[in-house]
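# Observations on chain architecture
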Amino acid sequence: MSERLHIVGGGMAGSEAAWQAAQMGVDVVIHEMRPQVATFAHKTGHLAEMVCSNSFRSDDDEQNAVGLLHWEMRAANGLIMSAADSHRLPAGGALAVDRDPFAESVTATLRAHPRVTVETGEIDDLPPEGQWIFATGPLTSPALGRAIRAETGTEALAFFDAIAPIVHADSIDMSKAWMQSRYDKGETEEERTAYLNCPMDRDTYEAFIDALLAADKTEFHDGEASSAPDATPYFDGCLPIEVMAERGRETLRHGPMKPVGLTNPYAPQVKPHAIVQLRRDNKLGTLFNIVGFQTKMKYGAQAEVLRMIPGLENARFARLGGIHRNTFLNSPTLLDEQMRLRSRPNIRFAGQITGVEGYVESAAMGLLAGRMAAAEILGRTLRPAPQDSAMGALIHHITGGAEAKTFQPMNVNFGLFRPVDGLKGGRRGRKDRYKAYTDRAKAAWTAWLNQSALDAA
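First, a word on scope: everything that follows refers to the structure included in this document. (Residues numbered from 1 in each chain as written. Predicted model: local features only at pLDDT ≥ 70, side-chain atom pairs only at ≥ 80, totals over all residues. Heavy atoms only, no water.)

If you walk through the whole model with that rule in mind, you get 21 salt bridges. We note a salt bridge from Arg440 to Asp388, for which the minimum N-O separation is 3.6 Å. Here Asp388 lies in the loop between helix 11 (359-377) and helix 12 (390-401) and Arg440 lies in helix 13 (residues 430-456), a separation of 52 residues in the sequence. Judged by relative accessible area, which is 22%, Arg440 ranks as partly exposed. Residue Asp388 is classed as buried on the basis of its relative accessible area of 15%. Three or more residues are tied together by salt bridges with common partners; here these are Asp59, Arg74, Asp85 and Arg88. (Salt bridge = Lys/Arg side-chain N within 4 Å of Asp/Glu carboxyl O. Helix = DSSP H or I, 4+ residues; strand = E, 2+ residues; numbered from the N terminus. Buried < 20%, exposed > 50% of the residue type's maximum accessible area, 1.4 Å probe, protein only.)

As structure tokens, then:
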């Protein structure tokens, strides 16, 4: 075998794809334009850099679809999950990581692999020959974006994504804030006190909403503003806090600022009207990111408004929030079940550009794309991922299960799973229903991995 697999993009998806293919015995070249060509959001040249949150979200593999995806990736010897587990931070029931050591670990592991080569430089077209995976993520370069649009004959869809601010821990007033995970979730004391909480009474909350609505916001180009007829939509899972506030004054109080499952130790008899949570962003505990506070406020206004939060009056920011335009393919019309571009079968896409949303989902699609491409190079076809698994439900959605006319980025969720017969619907039956989904998925995924190993023997 002399054919190499070329992977464009060294983010979550590209890194996982490279690892999986190399472990199957295929030589891989990762083409990463950073740091030679910078992006709005990236700060380093590391592979698998986390540009927004440092959380992989829930790690519950029995009651949560993303936790189930964690389980499946671990079972498949996934590099991203292995690195995340090695650099885990306390986060209650979530899996949060120390972002810089995490990226450094992924980078070092791939660079040390005898079958992996990393080349720095931009790929700005779609090669006519060879096996390629494009995992360029939501910040695909303009030149490559033009090449993709020229090939597909359709405009790539797009949405806005936003970044949450990060605060220096020593600038937080701990006479007002306290450490507690919602509902005291977690098996250890460290997990049960993983979040920093800043309470608001009604008057403070109302003043905060007023300031949020009045603050100077980032201005968009023609056609991008939310009021434009052909506006680029926001992704609902990552809405800026100002957009949530514009939908109703109580929206934030029922979203990232919900005051439930928490007790203020300084005033245990007083129920806060709203609570802002911060999550540790590094292992040292010197940085905290404001959970769910993606924002498009201009920097000056942003700092002023965020310092209205009790406990953050003197906050120093390691990074202020921001917003950028993400692009993704209309995958149901453009990709086949092997994640290949229908018009160019030598090219696969993986990660966020395919229309999945989130670090874990992106890495999961990289895992499948890497295995599929490696199998093809080795002269065989990888069996489709079982639809009853989290991985299979997600890839089925983006390659044909979704309605192409209304296709939007999607996190993994149990709504993508086929129903389990005989189970009660509604909220009361949810716990049993989710457990049935995860049990069925684990069995299907384990059988698929075992069969894939036999096929390769």
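Another aspect to go through is the sheet that holds strand 10 (residues 178-179). Strand order across the open sheet formed by six strands is 10-11-12-13-9-14, with antiparallel pairing between neighbours. Across the chains shown, the open sheet's two edge strands, defined by having one partner strand only, are strand 10 and strand 14 (317-319). Taken together, the three bridges between strand 9 (residues 166-168) and strand 13 (residues 287-290) define a ladder with antiparallel strand orientation. Each residue of the ladder has a partner; that of His168, found in strand 13, is Leu287. (Pairing = 2+ DSSP bridges.)

Let us look at unusual backbone geometry. Even without glycine at this site, Ala48 takes up a positive phi of about 55 degrees. With respect to the element layout, Ala48 can be found in the loop between strand 2 (28-32) and strand 3 (55-58). Taking the relative accessible area as the measure of exposure, Ala48 reaches 0% and is therefore buried. Look at Asp184: it is not a glycine, yet its phi comes out positive at around 55 degrees. With respect to the element layout, Asp184 can be found in the loop between strand 10 and helix 6 (189-192).

Given two aromatic rings, one states the distance between the centres and the angle between the planes to describe the pair. The final tally for this structure, using the stated rule, is 12 aromatic pairs. Summarising the aromatic geometry, the rings of Phe134 and Phe349 are spaced 5.8 Å apart at their centres and angled 35 degrees between planes, so their arrangement reads as tilted. Taken together, the residues span a long stretch of sequence, with Phe134 in strand 7 (residues 131-134) and Phe349 in strand 17 (residues 344-349) at a distance of 215 residues. Given a relative accessible area of 1%, Phe349 falls into the buried group. The interplanar angle of 20 degrees and the centroid separation of 4.7 Å between the aromatic rings of Trp445 and Trp448 together place this pair among those described as stacked. Of this pair, Trp445 and Trp448 are both found in helix 13, three residues apart, which corresponds to roughly one turn of the helix. (Phe/Tyr/Trp six-rings, centres within 6.5 Å; stacked < 30°, edge-to-face > 60°.)

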